[in-house]
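Chain residues, written in single-letter form:
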Amino acid sequence: MLWLIVATSALQLVPLPPSLLRVLSPRASDIWGSLDAVLGTVGRYRPVTLDLHATAFQLVTSAAVAVLFDMCVFFLTSSRRRDDLIRGLVTATLAFELVSLAHPILGLRDRVYGLLQPRTPEGHRNKLVLSPLLNENHAAAVGGVATALLVGLALAEKNRERRLIYVATAALSLAFTLILMSRGGMVIVMLEVVVLTIYAVARGWRRSAYAAGALALVPVVVGAFVAAMAASPQLSAEIANRDTSKLVILASSLPMIREFPLTGVGRGAFVSSFGMWEPPASNGRRYTHPETWLAQLPLDLGLPLAAIVIVVLMAAVLVQLRAVWQRGMVVAAFVALAGLVIHDLADFALCFAGVQFLAAALLAIVVTASNQRDAVLRSLRLRALAPVLIIPMTLGVHFRHSVEDDCDDIAASWKEGALAAKRATVIAALERHPADPYLTMAAGVTEQGAAAGAMLARAVKLAPLRASGHFWLARWFVAADRRSQGWAEYRESVRLAPESIELVLRDVVDARARVTEVAAIADSEAALSVAVRFFDAHQLDAEPLDDILIERYPPAVSARVRKSDRALARGQRAIAETLAREIVALAPANPAGHLALARSLTDAEAVRTLEVALAIAGENSELLRALAIRRATANGLDSALPDLARLRIALEHEQQPLELYHATAGHLQLAAGHAHAALRHYVDAAAIAQNPDAYLEEIAAAAVDARDYPRAIDALRRLVTLKPGSARHQSELARVQALAAQASASAPAWLPNP
């Protein structure tokens, strides 16, 4: 059956006549046909797969998996030394776990063995352990296999000391899987341990208190895990995660299966052909798999062959169940294999070759549980399979590029080289991945005239829910003097991705004169808000857009806040207060309205307003910051110290850094004349901030008041470097240097040269 999958992958690479391709896969024929139409290559033979090199890579991988399976079956049926094979698998998985742990300890998160740079290193999330070889979900699948097999070895071991070593190692492997913080991996590995413990008790195992030790394994590790969860905000956040995006991907891939019922899209072609069905909120994001083998198999192979594969593999396992039950080690392999299958219902780890090899070896152990030396199995020899590998290996070398490689090549060619070379690079990539919308869009950008429009229109058809395709097609329409069609595409782009309106404004719209035209494009509250921020950033009159925003979306709080702030800046305090009271009446639990109202009131009134707001909205850090500042202005610094303490507690409760607390405390201390204390707070805020340069002006002002001239001069020099055209900073630097010189007539060694 595994070799049938290999043969199917090979057949998917064979170029077929257009008429035969249309019979086997009408949708694939349409996709290849649309590419041939824009390239002028109509009539060329094309394969079933929609990603040539991905299918070739999967062909090589599946051939290697099939060879490994056959080798394991031959070994098990000829030598009957099943324990040696299981120990080999355990050694490999434990080595993987050690490597995964060693990388973060040695600071090598982004490089395999400190040498190889993965394409997408998994070092950017707040995980305790991340393998550079697999991400946390797939590494958890491997860890679950190791845990189950170690428990199986303990079941079969007669020596007490070795049995205890196996149990202890299983506990460590279980802990490794738990700290990966993969929700599916954690659930599966715990179920595996529970099932094997129940099996041990049901079989009446009494060897050296093994059953008691196995039963104790679960509460000990779970207790340690609960303690770690209580001490780790990241871990508790992962447990509370309610992300169901994988179910959205599955729902979106079901119509894709209906479009390719007989042949599928080709092995590994999902990543480059999913654009037509991807979810609306995934603009520009690449989905590599539908995250479940129930959808992956029909998409890769087609419905008929996928059904045959599932039925045959299930039958091969079910036939052996009675023999499996009699052997503890085989039960462990069966539980580990079942764990992989169940885990992959919601997280497709079997797409990775390392997990496939483990699954193939486990399958071999299960299907040979009865040790029947079938004539067919006895006839298998590795040297007989070697010639078969020559073809898939050759194809794997020929189709060596992935869609990500091609995208990187295109991005590199964009920076240098002639237009013809860029076009050749893109077209060559499209010949390998005809359904990829990004490559089609890139081809449209490199083309000119009608050819560019045809390519961009094809990109939109391949990924109708990607805003970028509509944006580039709109630009082409505008350049071709087809303005009405262009604006229709702009509207669609902004509808799909409201933030793209900034690109429209920046590139093609005369923002100073076309407020009504911008409002026609921005058909959502989010898009209008982005347009307002763009107008403000370019010192344009954004108030008409805010008026439109309020008219279309009456609950739009942010628009009224901006109008209130503008009125306050113009000195129209009564208008600002009226608008702020509207906001409070409209959204009494929204802190923004209370903050806007407080800004338009006197200090004493603002304090009362903010206290009421805190009673309504709870301990909000923004409200507490405003309250501390206004109370200090009205009654002095001492009266604001309790508010500062509440601000710190609120930030810790919100799991926010204390940057806002230190910045507020510095502001209040400086206003009260406590320059040294203010300087310490500003330095602390800069150390916490992601952009420490944001506090250079505050540090310089506090340092001058505290007569810490070296720090003031350093901060001002940094400001002059960041803003070389700022005359104010230049003059302030000269003034502080003069003050420093006056403070020490002997010109101390720390004074920098002018």
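See above for the structure.
These lines cover the structure that appears in this document, whether it is placed above or below. Computed from a predicted structure; not experimentally measured.

A few words on the overall build of the protein. Within the protein, the secondary structure is distributed over 40 helices and 0 strands. Looking at the protein alone, contacts between residues at least 24 apart form 64% of all its contacts between residues at least 6 apart. Carbon and sulfur atoms form 61% of the exposed surface of the protein, whose accessible area is close to 35100 Å².

Moving on to the environment of Ser 29. Considering the arrangement of structural elements, one finds Ser 29 in helix α3 (residues 26-39). When the C-alpha positions of Ser 29 and Pro 17 are compared, they lie 10.0 Å apart, and in sequence the two are 12 residues distant. Among residues more than four places away in sequence, those in contact with Ser 29 are Pro 18, Leu 21 and Arg 22.

Looking at the secondary structure, you find Asn 620 in the loop between α33 (603-617) and α34 (621-635). In terms of polar contacts, Asn 620 uses its side chain to reach the backbone amide nitrogen of Glu 622, at 2.9 Å. Reaching out from Asn 620, the side chain makes a polar contact with the backbone nitrogen of Leu 623 at a distance of 3.1 Å. Residue contacts for Asn 620: discarding those within four places in its chain leaves Pro 591, Leu 614 and Glu 654.

We now examine the packing of helix α22 (residues 437-446) against helix α23 (residues 449-462). Relative placement of two packed helices is described by the angle separating their axes and the distance separating the axes. The contact between α22 and α23 brings their axes to 7 Å, and the two run at 165°. Relative to α23, α22 is oriented roughly antiparallel. Relative to α23, α22 is oriented so that their crossing is left-handed. Contact residues: Pro 437, Thr 440, Met 441, Ala 443, Gly 444 and Val 445 in α22; Ala 452, Met 455, Leu 456, Arg 458, Ala 459 and Leu 462 in α23.

Formed by 71 residues in total, the largest nonpolar core has its most connected members in Phe 69, Leu 149, Leu 362 and Ile 365. The greatest single-element share of this core, amounting to 12 residues, is contributed by helix α6 (residues 136-156). Not counting chain neighbours up to four residues away, the residues in contact with Leu 149 comprise Ile 86, Leu 89, Val 90, Ala 332, Ala 333 and Leu 362. Of all hydrophobic cores here, the second largest spans 33 residues; its members include Ala 606, Leu 624, Ala 632 and Leu 658.

Time to look at the side chain of Ser 9. Secondary-structure assignment places Ser 9 in helix α1 (residues 2-12). Given a relative accessible area of 0%, Ser 9 falls into the buried group. Polar side-chain contacts of Ser 9 include one of 2.8 Å to the side chain of Arg 267. Beyond its immediate chain neighbours, meaning those up to four positions away, Ser 9 contacts Thr 55, Leu 59, Ser 62 and Arg 267.

All right, on to the pattern of salt bridges then. The tally for this structure, following the rule as stated, stands at 25 salt bridges. With a shortest N-O distance of 2.6 Å, Glu 492 and Arg 495 are connected by a salt bridge. With Glu 492 and Arg 495 both in helix α25 (residues 483-496), this residue pair falls 3 residues apart, about one helical turn. With a relative accessible area of 45%, Arg 495 lands in the partly exposed category. Among the salt bridges present, the one from Arg 718 reaches Asp 693, with a minimum N-O distance of 2.9 Å.

Turning our eyes to something else, we now look at empty space enclosed by the protein. In this structure the tally under the stated criterion is 3 cavities of 30 Å³ or more. Here the largest cavity defines a volume of roughly 50 Å³. As for the largest cavity, its lining consists of Ala 140, Ala 141, Gly 144, Val 145, Gly 185, Ile 188, Val 189, Glu 192, Ala 336, Gly 339, Leu 340 and His 343. Elements with a contribution of two residues or more to the lining of the largest cavity: α6, α8 (183-202) and α16 (328-343).

Nonpolar side chains collect at one region of the surface, where Leu 4, Ile 308 and Val 312 lie side by side and expose about 220 Å² of accessible area between them. Secondary-structure assignment places Val 312 in helix α14 (residues 303-318). On the basis of relative accessible area, Val 312 is assigned to the partly exposed category, the value being 35%.

Turning our eyes to something else, we now look at the packing of aromatic side chains. Per the stated rule, a full pass over the model turns up 6 aromatic pairs. Centre to centre, the rings of Trp 476 and Phe 477 are 5.4 Å apart; their planes meet at 65°, and the pair counts as edge-to-face. On the basis of an interplanar angle of 70° and a centroid distance of 5.6 Å, the ring pair of Trp 487 and Tyr 490 is categorised as edge-to-face. Taken together, the positions of Trp 487 and Tyr 490, both in helix α25 and 3 residues apart, correspond to about one turn of that helix. When sorted by exposure, Trp 487 lands in the same class as Tyr 490, which is buried.

For helix α5 (residues 82-105), built from 24 residues, the straight-helix expectation of 34 Å at 1.5 Å per residue is met to within 8% by its first-to-last C-alpha distance of 35 Å. Of the positions making up α5, those classed as buried are Arg 82, Leu 85, Ile 86, Leu 89, Val 90, Thr 93, Phe 96, Glu 97, Ser 100 and His 103. Backbone geometry just after α5 places Gly 107 at a positive phi near 75°.

Taking 1.5 Å of rise per residue, 15 residues should cover 21 Å, and α33 covers 20 Å from first to last C-alpha, within 8% of that figure. Inspection of α33 places Ala 606, Val 607, Thr 609, Leu 610, Ala 613 and Leu 614 among the buried residues, and these make up the whole buried set. For α33, the angular spread of the buried residues around the axis is 165°, confining them to a single face. Its buried side turned inward, α33 meets α32 (591-599), α34 and α35 (637-653).

What follows deals with the packing of helix α7 (residues 160-179) against α8. Contact geometry of α7 with α8 gives a least axis separation of 8 Å together with a crossing angle of 155°. For the element pair α7 / α8, the angle class is roughly antiparallel. Relative to α8, α7 is oriented so that their crossing is left-handed. Facing α7, whose interface residues are Leu 174, Thr 177 and Leu 178, α8 presents Gly 185, Met 186, Val 189, Met 190 and Val 193.

A few words now on unusual backbone geometry. The phi dihedral of Asp 481 is positive, around 60°, even though this residue is not glycine. Assignment of secondary structure puts Asp 481 in the loop between α24 (467-479) and α25. Judged by relative accessible area, Asp 481 falls into the exposed class, the value being 69%. We note that Arg 707 has phi near 60°; this positive angle belongs to a residue other than glycine. Checked against the element boundaries, Arg 707 lands in the loop between α38 (696-705) and α39 (709-722). Judged by its relative accessible area of 67%, Arg 707 is exposed.

Criteria and cut-off values
- Residues numbered from 1 in each chain as written.
- Predicted model: local features only at pLDDT ≥ 70, side-chain atom pairs only at ≥ 80, totals over all residues.
- Heavy atoms only, no water.
- Helix = DSSP H or I, 4+ residues; strand = E, 2+ residues; numbered from the N terminus.
- Contact = heavy atoms within 4.5 Å.
- Areas by Shrake-Rupley, 256 points an atom, 1.4 Å probe, with all protein chains shown as cover.
- Polar contact = N/O pair within 3.5 Å; in protein donor to acceptor, adjacent residues only side chain to side chain.
- Axes fitted to C-alpha atoms, helices over the stretch in contact; angles between N-to-C directions.
- Parallel < 35°, antiparallel > 145°, perpendicular 65-115°, else oblique.
- Left-handed = near helix turned anticlockwise from the far one by under 90°.
- Core = buried A, V, L, I, M, F, W, Y, C linked by side-chain atoms within 4.5 Å.
- Buried < 20%, exposed > 50% of the residue type's maximum accessible area, 1.4 Å probe, protein only.
- Salt bridge = Lys/Arg side-chain N within 4 Å of Asp/Glu carboxyl O.
- 1 Å grid on protein atoms, 1.4 Å probe; cavity = no way out; pocket = protein on both sides within 12 Å on 5 of 7 lines; lining within 4 Å.
- Points joined across faces, edges and corners; volume = space filled by probe spheres on them.
- Patch = residues over 30% accessible without salt bridge, like charges linked within 9 Å, V, L, I, M, F, W, Y side chains within 5 Å.
- Phe/Tyr/Trp six-rings, centres within 6.5 Å; stacked < 30°, edge-to-face > 60°.
- Expected span 1.5 Å × (residues − 1).
- Arc of directions from axis to C-beta.

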